[in-house]
Amino acid sequence: MPLRNRLRLLAVSGLALFTVSASLPPAAADPSHDRHPSGGGLSAVIRYTEYGIPHIVAKDYADLGFGNGWAQAADQVCTLADGFVTLRGERSRYFGPDAAPDGSLSSATKNLSSDLYFRGIRDSHTVEKLLKVPAPAGQSHDVKELERGWAAGYNAWLAQNRITDPACRNADWVRPVTALDVTTRAFALSVLGGQGRGIDGITAAQPPTGTAASPGVRPTDAAQAAQRLLSTQNADMGSNAVAFRGSSTANGRGLLLGNPHYPWQGGRRFWQSQQTIPGELNVAGGSLLGSATVSIGHNANIAWSHTVATGVTLNLHQLSLDPADPTVYLVDGRPERMVKRTVSVAVKGGAAVTRAQWWTRYGPVVNSLGAGLPLPWTAATAYALNDPNATNLRSPDTGLGFSRARSTADIQTALRRTQGLPWVNTIAADSSGHSFFSQSQVLPRITDELAQRCSTPLGRATYPSSGLAVLDGSRSDCALGSDPDAVQPGIFGPGRMPTVKDAPYVENSNDSAWLTNADAPLTGFERVFGTVAAPRSMRTRGAIEDVSAMAAKGRLTLRDLQDQQYANRAPAGDLAAADLARACAALPGGRAVGSDGTAVDVSAACGVLAHWDRRVDTGSRGALFDRFWRRATAVPAAELWKVPFSAADPVRTPNTLNTSAPGVTSALADAVAELRAAGIALDAPLGDHQGVVRNGKRIPVGGGTESLGIWNKTEPVWDAAGGGYTEVSAGSSYVQAVGWDGSKCPVARTLLTYSQSSNPKSPHFSDQTELYSGERWVTSRFCEKDIARSPALRVVRVHEHR
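Here is what the cut-offs are and how they apply
Residues numbered from 1 in each chain as written. Predicted model: local features only at pLDDT ≥ 70, side-chain atom pairs only at ≥ 80, totals over all residues. Heavy atoms only, no water. Helix = DSSP H or I, 4+ residues; strand = E, 2+ residues; numbered from the N terminus. Rg over C-alpha atoms; globule rule 2.2 N^0.38 Å. Buried < 20%, exposed > 50% of the residue type's maximum accessible area, 1.4 Å probe, protein only. Contact = heavy atoms within 4.5 Å. Areas by Shrake-Rupley, 256 points an atom, 1.4 Å probe, with all protein chains shown as cover. Lys, Arg positive; Asp, Glu negative; His and termini not counted. Charge placed at Lys NZ, Arg CZ, Asp CG, Glu CD. Axes fitted to C-alpha atoms, helices over the stretch in contact; angles between N-to-C directions. Left-handed = near helix turned anticlockwise from the far one by under 90°. Nonpolar A, V, L, I, M, F, W, Y, C, P; charged D, E, K, R; others polar. Pairing = 2+ DSSP bridges. Salt bridge = Lys/Arg side-chain N within 4 Å of Asp/Glu carboxyl O. Phe/Tyr/Trp six-rings, centres within 6.5 Å; stacked < 30°, edge-to-face > 60°. Lys NZ or Arg CZ within 6 Å of the ring centre and 35° of its normal. Polar contact = N/O pair within 3.5 Å; in protein donor to acceptor, adjacent residues only side chain to side chain. Expected span 1.5 Å × (residues − 1). Disulfide = S-S within 2.5 Å. Core = buried A, V, L, I, M, F, W, Y, C linked by side-chain atoms within 4.5 Å.

Points about the overall build of the chain
Line of reasoning, step 1. Scanning the chain from terminus to terminus reveals 23 helices and 33 strands.
Line of reasoning, step 2. Relative to the globule expectation of 28 Å for 802 residues, the C-alpha radius of gyration of the chain, 27 Å, shows essentially globular dimensions.
Line of reasoning, step 3. With the principal axes as the frame, the chain shows a C-alpha extent of 85 × 70 × 55 Å.
Line of reasoning, step 4. Taken over 802 residues, the chain has a buried fraction of 62%.
Line of reasoning, step 5. The long-range fraction of contacts in the chain, counting pairs at least 24 apart against all pairs at least 6 apart in sequence, stands at 69%.
Line of reasoning, step 6. Accessible surface for the chain amounts to roughly 29,000 Å². Of this, 53% is attributable to carbon and sulfur atoms.
Line of reasoning, step 7. Averaged over its 78 positive side-chain charges, the chain has a centre that lies 3 Å from the centre of its 70 negative ones.

Below, the structure written as structure tokens:
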């Protein structure tokens, strides 16, 4: 055995013996048992600290994956098992064809379409073929070992424990998994913004059977639909992140605040852990469920976070069809036959459904992208979807590269080497005081020149509006081509990625890279990456105001990051509430006419708006403005604001509410009427009607919706009959504030807003949610001395039974 491996094994065994002896009964700490705990199988040591956070220690990557899979199953077995049913294409078999998946692994609207797609992926051995591709274009050996171990750990937990979660207790769909299932989950996450977005259209696309022409899609309508579909402001995932250079901090070291916005329910939740192979790896952070690597996190020297990027991860090729056969398309006048994949799906209580899918050199034929963007397959034309992430299994390698990094330079090296991130930006800071941003995504290589030369009439409308290219698939000179530094054909290489290094701050809130640092705007990237010199979201504007002021103030500490997370400032309120209050006070008789023509007495709202603190803390008395603003933003921006957007002043424009615009006072009337009908006082504290219920206990929740521009984003579910906002669908999730003080231990505060377990019987079902309600944090226990001091320390050695 190599010396390094022997040292790892000794370190793990010694650590396990010390901690187990310190915390478990003598019989459990018997050294003779520890020498051969699993009969040669996989094993790991899991040390739990406060809030159920596991610190997993193992001697190699397979064992680390084992401990990770075990611990995730212990907290999230039902959610994970539900996802594996999706990946096996068996949702219709167990839950019926017409029910809807939770949306975590695709945008499929029904189980049947989800099953047809994922069963097709399985039948065609898509993932197995990708696993044969050698690194760096394919997965590394270490990641494959992590995924193999993860499956074994999940299976071992199932074999050795009784499920208590009522969501899947005694369910026949909870079954062991394979390493291929784990890798398929990584594949599904990779194509989430491409094929995953088009599953309904892929599985429904069938050749025309008659000669009647189908109505085409109008380019102007398609442009608007594509803009809505691909806007990061309309998604259930978002995020903010900021990194500060040492020149902005009190001690010259970097600082990072990561605030990803993700769903609060279902399989796209984060799960928190620390993962350690002594002498090889030591990283802490949040992993997307079912993932074998840390997605967002920190180690002793580096911290990173991600934000959902504006790069469009798919494009369309418009096919010219053979007039005699709509399953044959022409390239340079030569016919090519589509590949027919026949897929069968078992259905609960009925006969199996068998349906064909049609594939081309560009990808699958698709007859729509969402309900708003039909792409009809006619006798003359069809559309094929190109998704370069359908050949990308490298995202776990990128995460592993980050976990091993010691500097922001190493982060950039990992991005260049693996080129694995499908739909996120990366923001990082390190202990030496460097800051870093890169929009390094796997994107189709759509240059503006190519789009200009090869766009169809539809593409000439969609590409400027949304970045969705529709290229002429009948011409080989319209192929995407390759960059010499790209690990796969048809994508941009790392030399083309928008990147900012060592600015006083780098920040992103799901707009393009343009204003990563507003003092030095970033330009020169292709339209497919995002827009330049165009209006920014309210959240981006508020975030830039906040973080640029922080950098200008300087001498920042971790406390400043914590304060920013919970500042709960509403930029839209700062811009519009005072003007609205004055307009309210000037209304004749204190009455405004609602959208239905009913006159509403709004006089009581005027003072509430004037005295609102412009925040969305649980104690803020200004719920009225939120309900008003959701309606007011339906007014076109050109009418809503008196001062229009200016690219010369993008953070402060547009501004000045146009209270005489049609729809503004009616939005106020509608909001007042709605709140009164719901029994909510106009000056009620926000926490009285915005919260969640966990095990019968109501927990108030602060934060606010996207359009208000809140850093601490909360997307609550409105239930007027239930008394207001009764649940949270998405928002702040795994939050981390990280810095360094010169010691060997990073200084970090974390929070998993929805808590570690989805099992209502777990003690960690809502404990961090209560912290979130009280605007508190978890102090990270990263170093051994801090883990050992945890008053909640519980040590478990987990292993396979062989």
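Remarks on the packing of helix α10 (residues 219-230) against helix α14 (residues 457-466)
Line of reasoning, step 1. At a minimum axis distance of 8 Å, the contact between α10 and α14 shows a crossing angle of 35°. As for how α10 packs across α14, the hand of that crossing is right-handed. Taking contact as the criterion, the partners of Pro219, Ala222, Ala223, Ala226, Gln227 and Leu230 in α10 are, on α14, Pro457, Leu458, Ala461, Thr462, Ser465 and Ser466.
Line of reasoning, step 2. Of the residues belonging to the contact of α10 with α14, the class tally is 8 nonpolar, 4 polar and no charged.

Observations regarding the sheet that holds strand β13 (residues 339-347)
Line of reasoning, step 1. Strand order in the open sheet formed by 3 strands is β13-β14-β15, and the pairing between neighbours is antiparallel. Each edge of the open sheet carries a strand with a single partner, namely β13 and β15 (363-364).
Line of reasoning, step 2. Taken together, the 8 bridges between β13 and strand β14 (residues 350-360) define a ladder with antiparallel strand orientation. Bridged to Arg341 within β14 is Gln357.

Considering the pairing of strand β28 (residues 714-719)
Line of reasoning, step 1. Two elements, β28 and strand β29 (residues 724-732), share 6 bridges in a ladder whose sense is antiparallel. Directly across from Pro716, in β29, lies its bridge partner Val728.
Line of reasoning, step 2. In this structure, the hairpin formed by β28 and β29 is closed by a connection of 4 residues, where Gly723 is found at a positive phi of approximately 105°.

As for the pattern of salt bridges
Line of reasoning, step 1. For the structure shown, the criterion picks out 40 salt bridges.
Line of reasoning, step 2. For Asp63, the salt bridge goes to Lys59, with nearest N and O atoms at 2.7 Å.
Line of reasoning, step 3. Under the relative-accessibility criterion, Lys59 is labelled partly exposed at 30%.
Line of reasoning, step 4. One salt bridge in this structure joins Arg404 and Glu280, with 3.8 Å as the shortest N-O distance. Separated by 124 residues along the polypeptide, Arg404 in helix α11 (residues 395-404) and Glu280 in the loop between β6 (270-277) and β7 (281-288) bring together distant segments of the chain.
Line of reasoning, step 5. On the basis of relative accessibility, which here comes to 34%, the residue Arg404 falls in the partly exposed class.

Side note on unusual backbone geometry
Most of the time, phi is negative for any residue but glycine, and the peptide bond is trans.
Line of reasoning, step 1. Backbone torsion omega between Ala135 and Pro136 reads 10°, so that peptide bond is classified as cis.
Line of reasoning, step 2. Checked against the element boundaries, Pro136 lands in the loop between α6 (126-131) and α7 (141-160).
Line of reasoning, step 3. A cis geometry characterises the amide bond from Thr653 onward to Pro654, with omega recorded as -5°.
Line of reasoning, step 4. Relative to the helices and strands, Pro654 resides in the loop between β24 (641-643) and β25 (655-657).
Line of reasoning, step 5. In the Ramachandran plot, Ser239 falls in the positive-phi region, its phi being about 140° despite a non-glycine side chain.
Line of reasoning, step 6. Take Ser239: it is sitting in the loop between α10 and β3 (240-244).
Line of reasoning, step 7. Its relative accessible area of 1% is what places Ser239 among the buried residues.
Line of reasoning, step 8. Here the phi dihedral of Arg614 falls at roughly 65°; this positive angle occurs in a residue that is not glycine.

Section: the packing of aromatic side chains
Line of reasoning, step 1. Applying the stated criterion to the full structure yields 22 aromatic pairs.
Line of reasoning, step 2. Both rings, one in Phe628 and one in Trp629, keep their centres 6.2 Å apart while their planes meet at 50°; by these two values the pair is tilted. No difference in accessibility class separates Phe628 from Trp629, as the two residues are buried.
Line of reasoning, step 3. Feature note: the residues Trp264, Tyr566, Tyr754, Tyr772 and Trp777 constitute an aromatic cluster, connected by ring pairs.
Line of reasoning, step 4. If you follow Arg185 out to its NZ or CZ, it ends over the ring of Phe84, 5.3 Å from the centre.
Line of reasoning, step 5. Here the basic side chain of Arg627 rests over the ring of Trp718, its NZ or CZ set 4.0 Å away from the ring centre.

Looking at the sheet that holds strand β31 (residues 747-752)
Line of reasoning, step 1. One open sheet holds the 6 strands; their spatial order is β21-β3-β4-β30-β31-β32, and the pairing between them is antiparallel. In this open sheet, the two strands that pair with only one neighbour each are β21 (505-508) and β32 (778-779).
Line of reasoning, step 2. Alignment of strand β30 (residues 734-739) against β31, held across 6 bridges, turns out to be antiparallel. In the sheet register, Ala737 faces β31, and the bridge partner there is Arg749.
Line of reasoning, step 3. Packing against the sheet, helix α15 (residues 538-553) makes contact with β3 and β21, and its axis sits at approximately 165° to β21.

A look at the side chain of Ser291
Line of reasoning, step 1. Following the sequence through the fold, Ser291 ends up in the loop between β7 and β8 (296-298).
Line of reasoning, step 2. A residue is classified by how much of its surface remains accessible, and Ser291, at 14% relative accessible area, is buried.

Considerations on the side chain of Glu715
Line of reasoning, step 1. Considering the arrangement of structural elements, one finds Glu715 in strand β28.
Line of reasoning, step 2. Under the relative-accessibility criterion, Glu715 is labelled buried at 16%.
Line of reasoning, step 3. Only 2.9 Å separates the side chain of Glu715 from the side chain of Thr705, close enough to count as a polar contact.
Line of reasoning, step 4. For Glu715, the side chain forms a polar contact with the main-chain nitrogen of Glu706, separated by 2.8 Å.

A closer look at helix α5 (residues 111-123)
Line of reasoning, step 1. The terminal C-alpha atoms of α5 lie 18 Å apart, and with 13 residues this matches the ideal 18 Å at 1.5 Å per residue to within 8%.
Line of reasoning, step 2. Burial analysis of α5 places 11 of its 13 residues in the buried class, which makes it a mostly covered element.
Line of reasoning, step 3. Those residues of α5 not exposed but buried are Asn111, Leu112, Ser113, Ser114, Asp115, Leu116, Tyr117, Phe118, Arg119, Gly120 and Ile121.
Line of reasoning, step 4. Looking at the residues trailing α5, positive phi occurs at His125, about 60°.

Quick look at the state of the cysteines
Line of reasoning, step 1. Here the structure, examined in full by the defined rule, presents 4 disulfides.
Line of reasoning, step 2. Put simply, Cys584 and Cys606 are joined by a disulfide, and their sulfur atoms are 2.0 Å apart. Around the S-S axis, the bridge from Cys584 to Cys606 shows a dihedral of about -75° and counts as left-handed. Of this pair, Cys584 sits in helix α17 (residues 571-585) while Cys606 sits in helix α18 (residues 603-611), and the two are 22 residues apart along the sequence.
Line of reasoning, step 3. Looking at Cys584, the relative accessible area reads 2%, which means it is buried.

Thoughts on the nonpolar core
A general tendency of soluble globular proteins is for nonpolar side chains to be buried together.
Line of reasoning, step 1. Counting 160 residues, the largest nonpolar core has Val77, Tyr154, Phe187, Phe244 and Ile446 as its most contacted members.
Line of reasoning, step 2. Residue contributions to this core peak at 14 residues, all from helix α3 (residues 61-87).
Line of reasoning, step 3. Setting aside chain neighbours within four positions, we find Ile446 in contact with Asn315, Ala451, Tyr463, Ala469, Leu471, Leu480, Phe492, Glu526 and Val528.
Line of reasoning, step 4. Residues Ala576, Cys606, Ala632 and Leu640 belong to the second largest nonpolar core, which totals 42 residues.

Description of α10
Line of reasoning, step 1. Between its first and last C-alpha atoms α10 spans 16 Å; for 12 residues at 1.5 Å apiece the expected length is 16 Å, and the two agree.
Line of reasoning, step 2. Buried residues along α10 sit in contact with α14.

Geometric values such as these leave the question of function open.
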